[in-house]
Amino acid sequence: MDEKPEGVEMKFAQEQLTVAIIGGGHAAVRAAEVAREYGHRVVIIDRHAYLGGSLAASRHCWLKNGSCESDIPLPEGALKRELYVRARDAGATPLLQTACAGVICTGIAVCGVLLVSKFGVRMLPVDAVIDASEDQTVTNHLQGPLEKRDACAELIFEIDQAQACTERTLELKTWPNLSVHRTLREGTLAVSMSFRTDYYAQDHTTTDLAMQMRQAAVQVFADMRATYPCFEQSRILSCGDVRLTMMRREAALRMNLETVPGNVDWVPTTAYIRELERSVEPVVSELCSTLERPIVASGITVFSFGKQLDYCDVREDFDEQLGLRFLACRVRPPESFKTSVLVAGGGTGGGMAVAALHEEGTDAVVVDMNMSLGGTSTVGLVTGAWHGYQDGAWAKRNAAIRALAEKEHTAFHFAAARYWDNIFLQDGQRQRFYGGSMVCGAFQDKGRVEHVTIYGEAGFRGGSAEVFIDATADADLCYHAGIAYELGDPDTGFVQSSSQWGSDPWTTKNFQHKHYLADLDVVHPDSYADCLRGLGLSYRDNSDYHIADMFTPRESRRVVGEYGLNLRDIACRRQFKDVIAVALCLCDNHGRMSDDLVTAGLLGSDLYDDKEIRVRIPLRAFIPKGVRNVLVGAKALAGERDATCLCRMNPDISNAGYALGMVAAAAVAAGRAPGVLPLRPIQAKLRAKKVLPAWADDGAPAWTTDFAFKRLRENSSDGYFPAMVLADKALLDRCERLLPEGGRVAEQAAMALAWHGRPAAYAVLADMLARELPKDAAWVEDKGAAGWTLRSVAGEEFSSNERTNYGKPQLALCPSWQSHGLINSLVFLLAKAGDARAVDLLLPILERADAGSDELSRGTTPYSRQRLDVHRTYFHERLWALAQAWRIMPDKRAVTGLTALLGKKWLGGFTVTDDWCDVPPFQLSYLEVMLAAALAACGGDLGRERLAAYSKDARAIYRNMARRLLAKYAG
């Protein structure tokens, strides 16, 4: 590898003097505030998904009040929010979930930092570095970490139903001195276990210590229950990371480098926090007042954990949204390991893959950014499942967790973490967990991934395996290996929303009454800056009590696989000989689906079995095309967007992960690639374990054209659906012969014909539209406790107080709402039929279109009112149908109506120009962009103006979408 690639020196600088601050605690944030006062660009670099340092990570939720013994609450959620808000308000840029993996020097001066994130390894040129980390990160990189350090350690676990406890300290046989502290949540206590430990500078020491200490917490809690009657009804709710406080060593000395104390005192007080921040101010002021750009004249050297790091393939990577110049590169890890199976991502799917590998006795290493396995079920605050196939490995896992929770008197989240701990803490186990680590590179050659690069607490390591399972949230391993993938809606790039939930500081009777389960926004998985923006949204209006440490995207990159799952396969009940997994779901659009059958409201009842959609998934959909030794799990399986989104429920990801673990174990045992294994023995095991239900390959007949024609002739309101799915010319010719029969049969045939672009459908659809228009919905008024009213075009009113479980008006009870839905479908089908006469029918509908109410549809429950991913305008589907119709058949006569529509209330003005602000419900933005695109397609100047405004939007999804549409309609 070339240590000093040609051209690096010439570009090694930012436009503005830039200061990098390492660490995320109080000292780091105060240093950022002071540096900003001198006008410098400031970035704060921390590997966590939040600011707050070890206090936040350990959930140390109190400060000692001066010299007295009383506590001042410092809730972990409030700490994360306060420090993040302070940093952003000062104008600093927090680079979260980003590790400082090295220091870049030119001569005796520091001129940059080496960063690692899920997006890879990148150099960041800076003009000064301030090390405010708690573990002296920069000194460790320049001088090498001490092999052994004496450390004070603390594990804090929270218990409930402890109102009767009046003690401040507890004396136990198993633990001589425990301190207890009130939390923000009524009846709960934080129990602090303090101890000393020898900290060894080797990979995964902290991960192993965390697992051991969770086990110790269970033993201590059992002693608490036995010794103190006030804890008899209590449970362990949760625990934080192990907090380590080490003696500071002499800091490394370099030009343009300052080191300030970043570690918080073992028993932090309010006075100590103030003094810590004050101690930072003169050091940072002296550095920033005389700061000059280092001259990069003799090349650069990268130091990581005391060693000079080899790097290559340096290329400039300017981040437009952040306004920062990075230099992407690859590194050669100084150490490496080999294993049979490497699992990247230890969440819902990856964790179950590890469980299967454990059962099969297969060597494995699992790598995850979190310090415990389980993903959403442990770190992400998600319990249960909205839908999904809830048998098989999922049911077995949940039963084991519930039994463990009952035995150890813990809540589900904590028991879930303990479930995974027990795998790794067993004597002689053959699986290894590398927590707090990221896959940041991969190398593929001749159809095989040869090795991956991992960065963890002791630096870079290379990992090679016979089989790799990519179970990361965004297919990160495949991304780094250069494996082809697709992302979002094929037309617009739109993706489902992301979330980072919080906990209420009080007990709620059900999830509808929780306040912090709102999705944040649509976040672009390929944009580093947009992922940082999404994390930032987590700290605007979230819980003071607890904010999850995990940012969760609902939709991932989708690999291009050996087979792509599609909606037609699912609808037609296609059977696969290589089926290894299933999904069971509804169309759960936390955003908007892509297929026109979904968006036009044309999904028929034939798609469902027992009110849910059954999905059979072949092994080929989990294998990237042309890559023999990689299996892809989680949400990244290959296929159409709508088809793969049906497979994202936790039970389905869990069962699929288990199946992939079984396949990987069999591949290792046979010495063969997963794609060429004999699958019958594996399928037999999966059936025996109920991972594969009977319907996975029950031989049910697939749809035929005769079946579709039969459905058309039945007296059904959705008999058109099979004929829409089956694109068969002979079938459509038979449909045309049904039109003269009239009645419902002709209407169903016309809808199927229109779907396939046959103008013969026009006359029947026009008659249907004329019949339904007088019954169309015109206005909705929600009067809260006094009920709601829906008024039709003809002036008829329907009033009720019936509401959905979200507290929204149950509009489906009203006949005019049913006509409203049918008209929406007809608007789309008339445009798709390809008859120019449809323009005259749709113009009057466009002229009277609006949002449907003066108020947005928000519901009455806290959960509903805070969600950003739902349709806020009552007539959203009508507006969407019109936007799509005018994009399909653009006409200048629609310019006036579309221009007027964009000026109406709730239909415009939803651009976001700042990445640190509240965002509107993103469906409103998406609708505005689509209406603007329709107007631009018809030749309207306002449409192009709106798209131009969105092309500068702070949200990458809308920015890219608008640019794509603007280029399409530029003429």
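In the nomenclature of an unreviewed UniProt entry, the chain is known as FAD-dependent oxidoreductase of Oligosphaera ethanolica.

Caption draft 1: Highlighting the overall build of the chain. For the chain, the helix and strand inventory stands at 29 helices and 39 strands. Against the compact-globule benchmark of 30 Å for 971 residues, the chain has a radius of gyration of 30 Å, which places it among compact chains. For the chain, the spread of C-alpha atoms along the three principal axes comes to 90 × 65 × 60 Å. Here the chain holds 971 residues, and 63% of them are scored as buried. Relative to all contacts within the chain whose residues are 6 or more apart in sequence, the contacts with residues 24 or more apart total 74%. Working note: accessible area of the chain is about 35600 Å², and carbon and sulfur atoms make up 50% of it.

Caption draft 2: Quick peek at the pairing of strand E21 (residues 335-344). Here E21 lies mainly inside the structure; 7 of its 10 residues are buried. Bridge analysis of E21 against strand E26 (residues 459-470) gives 9 bridges, and the strand direction is parallel. Looking across to E26, one finds that Val341 is bridged to Val467. Judged from the 4 bridges that link them, E21 and strand E22 (residues 364-367) form a sheet pairing that is parallel. When the bridges of E22 are listed, Leu342 appears paired with Val365.

Caption draft 3: How the structure looks around a negative patch on the surface. Together, Glu781, Glu797, Asp854 and Glu855 make up a negatively charged patch on the protein surface. Turning to its location among the elements, Glu797 is positioned in strand E39 (residues 797-800).

Caption draft 4: Region of interest: the environment of Pro815. Relative to the elements of secondary structure, Pro815 occurs in helix H22 (residues 815-833). Expressed as a C-alpha distance, the spacing of Pro815 and Ser792, which sit 23 residues apart in the sequence, is 9.4 Å.

Caption draft 5: Representation of the sheet that holds strand E1 (residues 18-22) within the structure. With respect to topology, 5 strands assemble into an open sheet ordered E5-E2-E1-E9-E16, the strand pairing being parallel. Of all strands in the sheet, those with a lone pairing partner are strand E5 (93-95) and strand E16 (257-259), marking the two edges. Pairwise comparison of adjacent strand axes, ignoring direction, gives a mean angle of 20° for this sheet. Relative to the sheet, helix H1 (residues 26-37) contacts E1, strand E2 (41-45) and strand E9 (128-131), its axis offset from that of E2 by approximately 170°.

Caption draft 6: Representation of the nonpolar core within the structure. By size, the foremost hydrophobic cluster in this structure holds 239 residues, and its most contacted members are Leu765 and Trp886. Per-element tally for this core: the top contributor is helix H27 (residues 922-937), with 12 residues. Here Leu765 is in contact with Ala750, Met751, Ala754, Leu826, Leu829 and Leu830, once residues within four sequence places are set aside. Of all hydrophobic cores here, the second largest spans 33 residues; its members include Met193, Val220, Tyr228 and Phe414.

Caption draft 7: Representation of the packing of H27 against helix H28 (residues 941-950). Relative orientation of the contacting elements H27 and H28 amounts to 140°, with a least axis distance of 7 Å. In terms of orientation, H27 lies oblique with respect to H28. At the point where H27 passes H28, the crossing takes the left-handed sense. In this structure, H27 contributes Ser925, Glu928, Val929, Ala932, Ala933, Leu935 and Ala936 to the contact, and H28 contributes Leu942, Gly943, Arg944, Arg946, Leu947 and Tyr950. Of the residues that constitute the contact of H27 with H28, the class distribution is 8 nonpolar, 2 polar and 3 charged.

Caption draft 8: Molecular detail of empty space enclosed by the protein. Within this structure, the stated rule accounts for 8 cavities of 30 Å³ or more. In this model, the largest cavity occupies a volume close to 970 Å³. Looking at the largest cavity, it is lined by 43 residues, and the ones nearest its centre are Arg47, His48, Asp135, Thr137 and Glu457. Of the pockets and cavities examined, the second largest cavity occupies roughly 110 Å³. The wall of the second largest cavity is formed by 14 residues, among which Arg59, Cys61, Glu158, Thr183 and Tyr545 lie closest to the centre. Top contributing element to the lining of the second largest cavity by residue count: strand E10 (residues 148-159), with 3 residues. Residues that form the lining of the second largest cavity fall into these classes: 8 nonpolar, 3 polar and 3 charged.

Caption draft 9: Quick look at the pattern of salt bridges. Considering all chains together, one arrives at 65 salt bridges under this definition. When the shortest N-O distance is used, the salt bridge between Arg86 and Glu33 registers 2.9 Å. Taken together, the residues Arg86 in helix H3 (residues 76-89) and Glu33 in helix H1 connect sequence positions 53 residues apart. Note on Arg86: relative accessible area 18%, which makes it buried. A salt bridge links Arg758 to Asp733; the nearest nitrogen and oxygen atoms lie 2.9 Å apart. One end of the pair, Arg758, is in the loop between helix H20 (743-755) and helix H21 (762-772); the other, Asp733, is in helix H19 (residues 729-736), with 25 residues separating them in the sequence. A network of salt bridges, in which partner residues are shared, links Arg30, Glu33, Glu82, Arg86, Glu277 and Glu281.

Caption draft 10: Broad picture of the pairing of E39. One ladder, built from 4 bridges, connects strand E38 (residues 788-792) with E39; its direction is antiparallel. Bridging from a neighbouring strand, Arg791 pairs with Glu797 of E39. Linkage of E38 to E39, two consecutive antiparallel strands, is achieved through a turn of 4 residues, within which Gly795 is found at a positive phi near 95°.

Caption draft 11: The arrangement of the layout of surface pockets in detail. By volume, the second largest pocket is sized at about 720 Å³. Lining the second largest pocket are 32 residues, with Phe119, Arg315, Asp317, Ala328 and Tyr479 positioned closest to its centre. Going through the elements one at a time, strand E8 (120-125), strand E19 (311-319), strand E20 (324-331), strand E24 (438-445), strand E25 (448-456), helix H10 (476-480), helix H11 (528-537) and helix H29 (956-968) are the ones with two or more residues in the lining of the second largest pocket. Ranked by residues supplied to the lining of the second largest pocket, first place goes to E19 with 5 residues.

Caption draft 12: Focus on the environment of Asp241. Along the polypeptide, Asp241 turns up in the loop between strand E14 (236-239) and strand E15 (243-246). Spatially, the C-alpha atoms of Asp241 and Pro674 are 37 Å apart, while their sequence positions differ by 433 residues. Once residues within four sequence positions are removed from consideration, Asp241 is found in contact with Tyr50, Ala57, Ser58, Glu154, Leu155 and Met371.

Caption draft 13: Up close: the sheet that holds E39. Read across the open sheet, the 3 strands follow the order E37-E38-E39; overall the sheet is antiparallel. The open sheet has two edge strands with one neighbour each: strand E37 (777-782) and E39. Put simply, the sheet's adjacent strands are angled 15° from each other on average, direction ignored.

About the cut-offs
Residues numbered from 1 in each chain as written. Predicted model: local features only at pLDDT ≥ 70, side-chain atom pairs only at ≥ 80, totals over all residues. Heavy atoms only, no water. Helix = DSSP H or I, 4+ residues; strand = E, 2+ residues; numbered from the N terminus. Rg over C-alpha atoms; globule rule 2.2 N^0.38 Å. Buried < 20%, exposed > 50% of the residue type's maximum accessible area, 1.4 Å probe, protein only. Contact = heavy atoms within 4.5 Å. Areas by Shrake-Rupley, 256 points an atom, 1.4 Å probe, with all protein chains shown as cover. Pairing = 2+ DSSP bridges. Patch = residues over 30% accessible without salt bridge, like charges linked within 9 Å, V, L, I, M, F, W, Y side chains within 5 Å. Salt bridge = Lys/Arg side-chain N within 4 Å of Asp/Glu carboxyl O. Lys, Arg positive; Asp, Glu negative; His and termini not counted. Charge placed at Lys NZ, Arg CZ, Asp CG, Glu CD. Axes fitted to C-alpha atoms, helices over the stretch in contact; angles between N-to-C directions. Core = buried A, V, L, I, M, F, W, Y, C linked by side-chain atoms within 4.5 Å. Parallel < 35°, antiparallel > 145°, perpendicular 65-115°, else oblique. Left-handed = near helix turned anticlockwise from the far one by under 90°. Nonpolar A, V, L, I, M, F, W, Y, C, P; charged D, E, K, R; others polar. 1 Å grid on protein atoms, 1.4 Å probe; cavity = no way out; pocket = protein on both sides within 12 Å on 5 of 7 lines; lining within 4 Å. Points joined across faces, edges and corners; volume = space filled by probe spheres on them.

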